[in-house]
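Residue-level structure breakdown
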Amino acid sequence: MDLKQLNAFVAVADLQSFSAAAKTTGLSQPSLSRLLKQLETDMGVELIDRYHRPLQLTDAGLFFYDKVRAVLTELDTITNMTKRLSAPSQALNIGFVPSVLYGLLPEIIADFKHNNVNPDTNGNTDIEVNLKDISSYQQVEALKNGEIDVGFGRFAHQDPWIQQILLRHERYVVALPKAHPLAQIKEQRLIDLASNRLILYHQTHLSVSATTSTTKPVTEPLLYLFAQYGVTPLMTTKVSDLQVALSLVAAGEGITLVPASLRTVRTEQISYQRLIHENVTSPIYLHTLKDFVHPKIPNLLDAVYRVYEQRGITYRRQQFI
Ligand code: BEZ
(Lines give C-alpha, C1' and ligand atoms only; values in the text may rest on other atoms or scores of the structure.)
Protein backbone atom coordinates (compact mmCIF):
# COMPACT_ATOMS: atom_id res chain seq x y z
CA MET A 1 0.00 0.00 0.00
CA ASP A 2 1.38 3.44 -0.85
CA LEU A 3 0.43 7.12 -0.69
CA LYS A 4 -0.46 7.30 -4.38
CA GLN A 5 -3.05 4.54 -3.93
CA LEU A 6 -4.50 6.18 -0.82
CA ASN A 7 -4.77 9.60 -2.48
CA ALA A 8 -6.43 8.01 -5.50
CA PHE A 9 -8.90 6.16 -3.28
CA VAL A 10 -9.84 9.34 -1.35
CA ALA A 11 -10.28 11.28 -4.63
CA VAL A 12 -12.64 8.63 -6.04
CA ALA A 13 -14.59 8.48 -2.77
CA ASP A 14 -14.91 12.28 -2.61
CA LEU A 15 -15.92 12.76 -6.24
CA GLN A 16 -17.83 9.46 -6.70
CA SER A 17 -16.44 9.22 -10.20
CA PHE A 18 -13.32 7.67 -11.78
CA SER A 19 -13.12 10.28 -14.55
CA ALA A 20 -13.44 13.28 -12.16
CA ALA A 21 -10.88 11.72 -9.78
CA ALA A 22 -8.49 11.07 -12.70
CA LYS A 23 -8.66 14.78 -13.59
CA THR A 24 -7.94 16.05 -10.06
CA THR A 25 -5.13 13.57 -9.41
CA GLY A 26 -3.56 14.16 -12.85
CA LEU A 27 -3.64 10.42 -13.64
CA SER A 28 -5.14 8.73 -16.66
CA GLN A 29 -8.33 6.83 -15.94
CA PRO A 30 -6.77 3.38 -16.63
CA SER A 31 -3.83 4.16 -14.25
CA LEU A 32 -6.26 5.29 -11.55
CA SER A 33 -8.37 2.12 -11.94
CA ARG A 34 -5.21 -0.01 -11.80
CA LEU A 35 -4.02 1.70 -8.61
CA LEU A 36 -7.34 1.08 -6.90
CA LYS A 37 -7.60 -2.52 -8.06
CA GLN A 38 -4.06 -3.10 -6.73
CA LEU A 39 -5.02 -1.53 -3.37
CA GLU A 40 -8.06 -3.81 -3.08
CA THR A 41 -6.03 -6.87 -4.10
CA ASP A 42 -3.26 -6.07 -1.58
CA MET A 43 -5.83 -5.68 1.19
CA GLY A 44 -8.04 -8.54 0.03
CA VAL A 45 -11.05 -6.23 0.52
CA GLU A 46 -13.49 -4.71 -1.95
CA LEU A 47 -13.62 -0.99 -1.15
CA ILE A 48 -15.65 0.41 -4.06
CA ASP A 49 -19.04 -0.80 -5.26
CA ARG A 50 -18.50 -0.34 -9.01
CA TYR A 51 -22.05 -1.35 -9.96
CA HIS A 52 -23.66 1.82 -8.64
CA ARG A 53 -23.78 5.18 -10.42
CA PRO A 54 -22.61 7.48 -8.99
CA LEU A 55 -19.97 5.20 -7.48
CA GLN A 56 -20.41 4.18 -3.87
CA LEU A 57 -18.13 2.74 -1.24
CA THR A 58 -18.79 -0.65 0.33
CA ASP A 59 -19.25 -0.70 4.13
CA ALA A 60 -15.58 -1.68 4.49
CA GLY A 61 -14.66 1.11 2.04
CA LEU A 62 -16.57 3.68 4.13
CA PHE A 63 -14.72 2.64 7.27
CA PHE A 64 -11.37 2.73 5.45
CA TYR A 65 -12.19 6.14 3.90
CA ASP A 66 -12.90 7.77 7.30
CA LYS A 67 -9.65 6.51 8.79
CA VAL A 68 -7.45 7.15 5.74
CA ARG A 69 -8.79 10.69 5.30
CA ALA A 70 -7.84 11.51 8.89
CA VAL A 71 -4.34 10.04 8.36
CA LEU A 72 -3.81 12.04 5.13
CA THR A 73 -4.95 15.28 6.82
CA GLU A 74 -2.56 14.54 9.70
CA LEU A 75 0.25 13.92 7.22
CA ASP A 76 -0.48 17.29 5.58
CA THR A 77 -0.28 19.01 8.97
CA ILE A 78 3.02 17.29 9.77
CA THR A 79 4.51 18.26 6.38
CA ASN A 80 3.36 21.86 6.85
CA MET A 81 4.78 22.12 10.34
CA THR A 82 8.10 20.55 9.37
CA LYS A 83 8.52 23.17 6.64
CA ARG A 84 7.72 25.97 9.09
CA LEU A 85 10.12 24.56 11.70
CA SER A 86 12.95 24.61 9.20
CA ALA A 87 12.24 28.22 8.19
CA PRO A 88 9.99 30.19 10.58
CA SER A 89 8.50 33.18 8.79
CA GLN A 90 9.50 36.73 9.70
CA ALA A 91 5.84 37.70 9.76
CA LEU A 92 3.54 36.89 12.67
CA ASN A 93 0.04 35.99 11.46
CA ILE A 94 -2.54 36.56 14.18
CA GLY A 95 -6.13 35.28 13.99
CA PHE A 96 -8.76 36.92 16.16
CA VAL A 97 -12.51 36.85 16.78
CA PRO A 98 -14.19 40.24 16.22
CA SER A 99 -15.16 40.67 19.87
CA VAL A 100 -11.49 40.97 20.96
CA LEU A 101 -10.86 43.63 18.34
CA TYR A 102 -13.27 45.99 20.13
CA GLY A 103 -11.35 45.37 23.34
CA LEU A 104 -7.66 45.22 24.05
CA LEU A 105 -6.28 43.74 20.81
CA PRO A 106 -5.20 47.06 19.22
CA GLU A 107 -3.44 48.08 22.44
CA ILE A 108 -1.72 44.67 22.74
CA ILE A 109 -0.46 44.80 19.14
CA ALA A 110 0.83 48.35 19.64
CA ASP A 111 2.68 47.29 22.81
CA PHE A 112 4.07 44.18 21.08
CA LYS A 113 5.37 46.20 18.12
CA HIS A 114 6.78 48.90 20.37
CA ASN A 115 8.74 46.34 22.39
CA ASN A 116 9.95 44.30 19.41
CA VAL A 117 11.47 47.00 17.30
CA ASN A 118 14.92 46.22 15.98
CA PRO A 119 15.29 48.46 12.98
CA ASP A 120 17.70 47.27 10.32
CA THR A 121 20.05 49.63 8.47
CA ASN A 122 17.13 50.76 6.25
CA GLY A 123 14.99 51.58 9.28
CA ASN A 124 12.63 48.58 8.69
CA THR A 125 11.48 46.85 11.86
CA ASP A 126 12.07 43.11 12.02
CA ILE A 127 8.51 42.02 12.64
CA GLU A 128 5.59 42.18 10.27
CA VAL A 129 2.20 41.57 11.89
CA ASN A 130 -0.77 40.38 9.84
CA LEU A 131 -4.22 40.29 11.44
CA LYS A 132 -6.98 37.93 10.26
CA ASP A 133 -10.60 37.97 11.36
CA ILE A 134 -11.36 34.26 11.89
CA SER A 135 -13.80 32.40 14.16
CA SER A 136 -12.56 30.47 17.23
CA TYR A 137 -13.52 27.20 15.56
CA GLN A 138 -11.74 27.96 12.25
CA GLN A 139 -8.59 29.03 14.11
CA VAL A 140 -7.73 25.36 14.77
CA GLU A 141 -7.55 24.50 11.04
CA ALA A 142 -5.83 27.81 10.26
CA LEU A 143 -3.10 27.02 12.84
CA LYS A 144 -2.59 23.55 11.42
CA ASN A 145 -2.36 24.65 7.80
CA GLY A 146 -0.07 27.58 8.59
CA GLU A 147 -2.52 30.35 7.73
CA ILE A 148 -2.03 31.80 11.23
CA ASP A 149 0.68 31.36 13.89
CA VAL A 150 -1.46 32.31 16.86
CA GLY A 151 -5.18 32.85 17.49
CA PHE A 152 -7.18 34.78 20.06
CA GLY A 153 -10.60 33.21 20.58
CA ARG A 154 -13.34 32.62 23.10
CA PHE A 155 -13.85 28.84 22.94
CA ALA A 156 -11.71 26.04 24.36
CA HIS A 157 -10.54 23.40 21.87
CA GLN A 158 -9.63 19.80 22.56
CA ASP A 159 -7.26 19.03 19.73
CA PRO A 160 -4.04 17.04 20.07
CA TRP A 161 -2.11 19.58 17.93
CA ILE A 162 -3.25 22.70 19.75
CA GLN A 163 -2.23 24.24 23.06
CA GLN A 164 -4.31 26.96 24.60
CA ILE A 165 -3.55 29.50 27.25
CA LEU A 166 -6.48 30.90 29.19
CA LEU A 167 -5.78 34.64 29.39
CA ARG A 168 -8.72 35.81 31.49
CA HIS A 169 -12.47 35.67 32.00
CA GLU A 170 -14.24 38.80 30.78
CA ARG A 171 -17.61 39.66 32.28
CA TYR A 172 -20.69 39.86 30.10
CA VAL A 173 -22.86 42.99 30.18
CA VAL A 174 -26.46 43.29 29.03
CA ALA A 175 -27.09 45.43 25.94
CA LEU A 176 -30.55 47.09 26.01
CA PRO A 177 -32.22 49.65 23.70
CA LYS A 178 -31.80 53.12 25.27
CA ALA A 179 -35.59 53.51 25.64
CA HIS A 180 -36.05 50.15 27.42
CA PRO A 181 -37.58 50.39 30.93
CA LEU A 182 -34.59 48.46 32.38
CA ALA A 183 -31.98 50.59 30.58
CA GLN A 184 -31.22 52.81 33.58
CA ILE A 185 -30.86 49.99 36.13
CA LYS A 186 -27.16 49.65 36.89
CA GLU A 187 -27.13 46.02 38.07
CA GLN A 188 -29.26 43.48 36.25
CA ARG A 189 -30.31 39.93 37.08
CA LEU A 190 -30.81 37.34 34.35
CA ILE A 191 -34.23 36.40 35.73
CA ASP A 192 -35.46 39.99 35.15
CA LEU A 193 -34.41 39.80 31.48
CA ALA A 194 -36.23 36.56 30.67
CA SER A 195 -39.40 38.15 29.24
CA ASN A 196 -37.42 40.04 26.56
CA ARG A 197 -36.50 38.75 23.14
CA LEU A 198 -32.89 37.53 23.45
CA ILE A 199 -30.75 37.99 20.32
CA LEU A 200 -28.34 35.05 19.85
CA TYR A 201 -25.25 35.51 17.66
CA HIS A 202 -22.69 32.78 18.40
CA GLN A 203 -21.76 30.49 15.51
CA THR A 204 -20.15 27.86 17.77
CA HIS A 205 -21.90 25.63 20.29
CA LEU A 206 -20.47 24.50 23.61
CA SER A 207 -19.38 20.91 24.08
CA VAL A 208 -20.71 21.02 27.66
CA SER A 209 -24.42 21.48 28.23
CA ALA A 210 -26.74 22.74 30.92
CA THR A 211 -30.19 21.22 31.38
CA THR A 212 -33.43 23.15 31.66
CA SER A 213 -36.72 22.22 33.30
CA THR A 214 -37.56 20.31 30.09
CA THR A 215 -34.20 18.48 30.50
CA LYS A 216 -33.24 19.36 26.92
CA PRO A 217 -29.45 19.96 26.77
CA VAL A 218 -28.52 23.60 26.14
CA THR A 219 -25.31 24.22 24.22
CA GLU A 220 -25.97 27.68 22.70
CA PRO A 221 -23.53 29.89 24.68
CA LEU A 222 -25.96 32.65 25.80
CA LEU A 223 -28.81 30.23 26.56
CA TYR A 224 -26.28 28.15 28.52
CA LEU A 225 -25.52 31.16 30.77
CA PHE A 226 -29.23 31.71 31.42
CA ALA A 227 -29.80 27.97 32.01
CA GLN A 228 -27.09 27.92 34.69
CA TYR A 229 -29.33 30.26 36.70
CA GLY A 230 -32.44 28.22 35.89
CA VAL A 231 -33.74 30.88 33.47
CA THR A 232 -35.16 30.22 29.98
CA PRO A 233 -35.74 33.36 27.86
CA LEU A 234 -39.29 33.46 26.48
CA MET A 235 -38.32 34.47 22.92
CA THR A 236 -35.08 34.26 20.96
CA THR A 237 -33.85 35.38 17.53
CA LYS A 238 -30.72 33.94 15.93
CA VAL A 239 -28.50 36.19 13.82
CA SER A 240 -25.21 35.71 11.99
CA ASP A 241 -22.85 37.79 14.15
CA LEU A 242 -22.30 40.19 17.00
CA GLN A 243 -22.63 43.35 14.87
CA VAL A 244 -26.04 42.28 13.57
CA ALA A 245 -27.13 41.43 17.13
CA LEU A 246 -26.15 44.92 18.34
CA SER A 247 -27.89 46.53 15.35
CA LEU A 248 -31.11 44.72 16.29
CA VAL A 249 -30.76 45.89 19.89
CA ALA A 250 -30.20 49.46 18.62
CA ALA A 251 -33.38 49.10 16.54
CA GLY A 252 -35.35 48.10 19.68
CA GLU A 253 -35.87 44.49 18.52
CA GLY A 254 -34.54 42.80 21.65
CA ILE A 255 -31.67 42.56 24.10
CA THR A 256 -28.43 40.59 24.16
CA LEU A 257 -25.38 39.84 26.31
CA VAL A 258 -21.93 40.88 25.07
CA PRO A 259 -18.42 40.83 26.58
CA ALA A 260 -17.80 44.09 28.48
CA SER A 261 -15.23 45.37 25.96
CA LEU A 262 -18.08 45.89 23.49
CA ARG A 263 -19.73 48.50 25.72
CA THR A 264 -18.44 51.40 23.61
CA VAL A 265 -20.29 50.28 20.47
CA ARG A 266 -23.39 52.27 19.30
CA THR A 267 -23.78 54.04 22.64
CA GLU A 268 -26.25 56.58 21.17
CA GLN A 269 -28.84 53.80 20.84
CA ILE A 270 -27.68 51.12 23.29
CA SER A 271 -27.36 51.14 27.06
CA TYR A 272 -24.92 48.59 28.54
CA GLN A 273 -25.46 47.51 32.14
CA ARG A 274 -23.59 45.21 34.50
CA LEU A 275 -24.92 41.83 35.55
CA ILE A 276 -24.82 41.03 39.24
CA HIS A 277 -23.72 37.43 38.54
CA GLU A 278 -19.92 37.22 38.75
CA ASN A 279 -19.81 33.92 36.85
CA VAL A 280 -21.47 35.20 33.70
CA THR A 281 -18.20 35.55 31.83
CA SER A 282 -16.61 34.86 28.47
CA PRO A 283 -13.10 33.35 28.47
CA ILE A 284 -10.34 34.66 26.19
CA TYR A 285 -7.81 32.10 24.97
CA LEU A 286 -4.54 32.30 23.11
CA HIS A 287 -4.23 29.28 20.79
CA THR A 288 -1.10 28.05 19.16
CA LEU A 289 0.41 24.76 17.98
CA LYS A 290 1.84 22.41 20.62
CA ASP A 291 4.92 21.44 18.69
CA PHE A 292 5.78 24.68 17.03
CA VAL A 293 5.52 28.00 18.83
CA HIS A 294 6.57 30.86 16.54
CA PRO A 295 9.63 32.51 18.21
CA LYS A 296 7.75 35.81 18.63
CA ILE A 297 4.69 34.37 20.43
CA PRO A 298 6.21 34.48 23.95
CA ASN A 299 6.82 38.24 23.35
CA LEU A 300 3.19 38.61 22.27
CA LEU A 301 2.06 36.93 25.51
CA ASP A 302 4.30 39.33 27.47
CA ALA A 303 2.56 42.23 25.68
CA VAL A 304 -0.86 40.85 26.75
CA TYR A 305 0.26 40.69 30.39
CA ARG A 306 1.82 44.18 30.27
CA VAL A 307 -1.49 45.63 29.01
CA TYR A 308 -3.39 43.75 31.76
CA GLU A 309 -1.04 45.22 34.36
CA GLN A 310 -1.38 48.76 33.00
CA ARG A 311 -5.17 48.38 33.10
CA GLY A 312 -5.32 46.69 36.50
CA ILE A 313 -6.93 43.54 35.00
CA THR A 314 -6.68 40.40 37.14
CA TYR A 315 -5.02 37.44 35.40
CA ARG A 316 -3.06 34.31 36.18
CA ARG A 317 0.28 34.09 34.31
CA GLN A 318 0.60 30.93 32.19
CA GLN A 319 3.42 29.38 30.23
CA PHE A 320 3.76 27.44 27.02
CA ILE A 321 4.32 23.70 27.30
C1 BEZ B 1 -8.34 40.72 26.20
O2 BEZ B 1 -9.28 41.53 26.08
O3 BEZ B 1 -8.05 40.21 27.27
C4 BEZ B 1 -7.56 40.36 24.98
C5 BEZ B 1 -7.92 40.87 23.75
C6 BEZ B 1 -7.17 40.53 22.62
C7 BEZ B 1 -6.10 39.66 22.73
C8 BEZ B 1 -5.75 39.16 23.96
C9 BEZ B 1 -6.48 39.50 25.08
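The structure under discussion appears in the preceding block.
Figured I'd write up the structure that's included with this text.

Calculation criteria
- Residues numbered from 1 in each chain as written.
- Predicted model: local features only at pLDDT ≥ 70, side-chain atom pairs only at ≥ 80, totals over all residues.
- Heavy atoms only, no water.
- Axes fitted to C-alpha atoms, helices over the stretch in contact; angles between N-to-C directions.
- Helix = DSSP H or I, 4+ residues; strand = E, 2+ residues; numbered from the N terminus.
- Parallel < 35°, antiparallel > 145°, perpendicular 65-115°, else oblique.
- Contact = heavy atoms within 4.5 Å.
- Nonpolar A, V, L, I, M, F, W, Y, C, P; charged D, E, K, R; others polar.
- Patch = residues over 30% accessible without salt bridge, like charges linked within 9 Å, V, L, I, M, F, W, Y side chains within 5 Å.
- Areas by Shrake-Rupley, 256 points an atom, 1.4 Å probe, with all protein chains shown as cover.
- Salt bridge = Lys/Arg side-chain N within 4 Å of Asp/Glu carboxyl O.
- Near = heavy atom within 4 Å.
- Polar contact = N/O pair within 3.5 Å; in protein donor to acceptor, adjacent residues only side chain to side chain.
- Phe/Tyr/Trp six-rings, centres within 6.5 Å; stacked < 30°, edge-to-face > 60°.
- Buried < 20%, exposed > 50% of the residue type's maximum accessible area, 1.4 Å probe, protein only.

**Looking at the packing of helix α2 (residues 18-25) against helix α3 (residues 29-43)**
Pairs of packed helices are described in terms of their axes, by the angle between the two and the distance that separates them. Where α2 meets α3, the axes come as close as 9 Å, and the angle between the chain directions of the two elements is 100 degrees. Comparing their axes, α3 and α2 come out roughly perpendicular. Where α2 approaches α3, its residues Phe-18, Ser-19, Ala-21, Ala-22 and Thr-25 are matched on the opposing element by Gln-29, Leu-32, Ser-33 and Leu-36. Across the contact of α2 with α3, the residue classes tally to five nonpolar, four polar and no charged.

**As for a nonpolar patch on the surface**
On the surface, Leu-3, Leu-75 and Ile-78 cluster together to form a nonpolar patch covering roughly 240 Å² of accessible area. Turning to its location among the elements, Leu-3 is positioned in helix α1 (residues 3-15).

**What about the site of the ligand?**
In the vicinity of the ligand, the contacting residues are Val-100, Leu-104, Leu-105, Ile-108, Phe-152, Leu-167, Arg-168, Ile-284 and Tyr-308. Between the ligand and the protein, one listed contact pairs an oxygen atom with a side-chain N or O atom of Arg-168 at 2.7 Å. Here Tyr-308 contributes a side-chain N or O atom positioned 2.4 Å from an oxygen atom of the ligand. Its free accessible area being 260 Å², the ligand has 100% of it covered by the protein chains. Where the shell around the ligand is concerned, the elements lending two or more residues are α6 (105-114) and β6 (162-177). Grouping the amino acids of the shell around the ligand by side-chain chemistry returns eight nonpolar, no polar and one charged.

**Digging into the packing of aromatic side chains**
What the rule picks out here adds up to four aromatic pairs. For the ring pair Phe-9 and Phe-64, a centre distance of 5.4 Å and an interplane angle of 50 degrees mean the geometry is tilted. One end of the pair, Phe-9, is in helix α1; the other, Phe-64, is in helix α4 (residues 59-86), with 55 residues separating them in the sequence. Note on accessibility: Phe-9 and Phe-64 belong to one class, buried. Ring pairing ties together the aromatic residues Tyr-305, Tyr-308 and Tyr-315, which thus form one cluster.

**Description of helix α9 (residues 221-228)**
The buried fraction of α9 is high, at six of eight residues. Where α9 is concerned, the buried positions are Pro-221, Leu-222, Tyr-224, Leu-225, Phe-226 and Ala-227. Sitting at the head of α9, Glu-220 places a side-chain oxygen 2.8 Å from the backbone nitrogen of Leu-222. Note on α9: the residue one or two positions beyond its end, Gly-230, has a positive phi of about 70 degrees.

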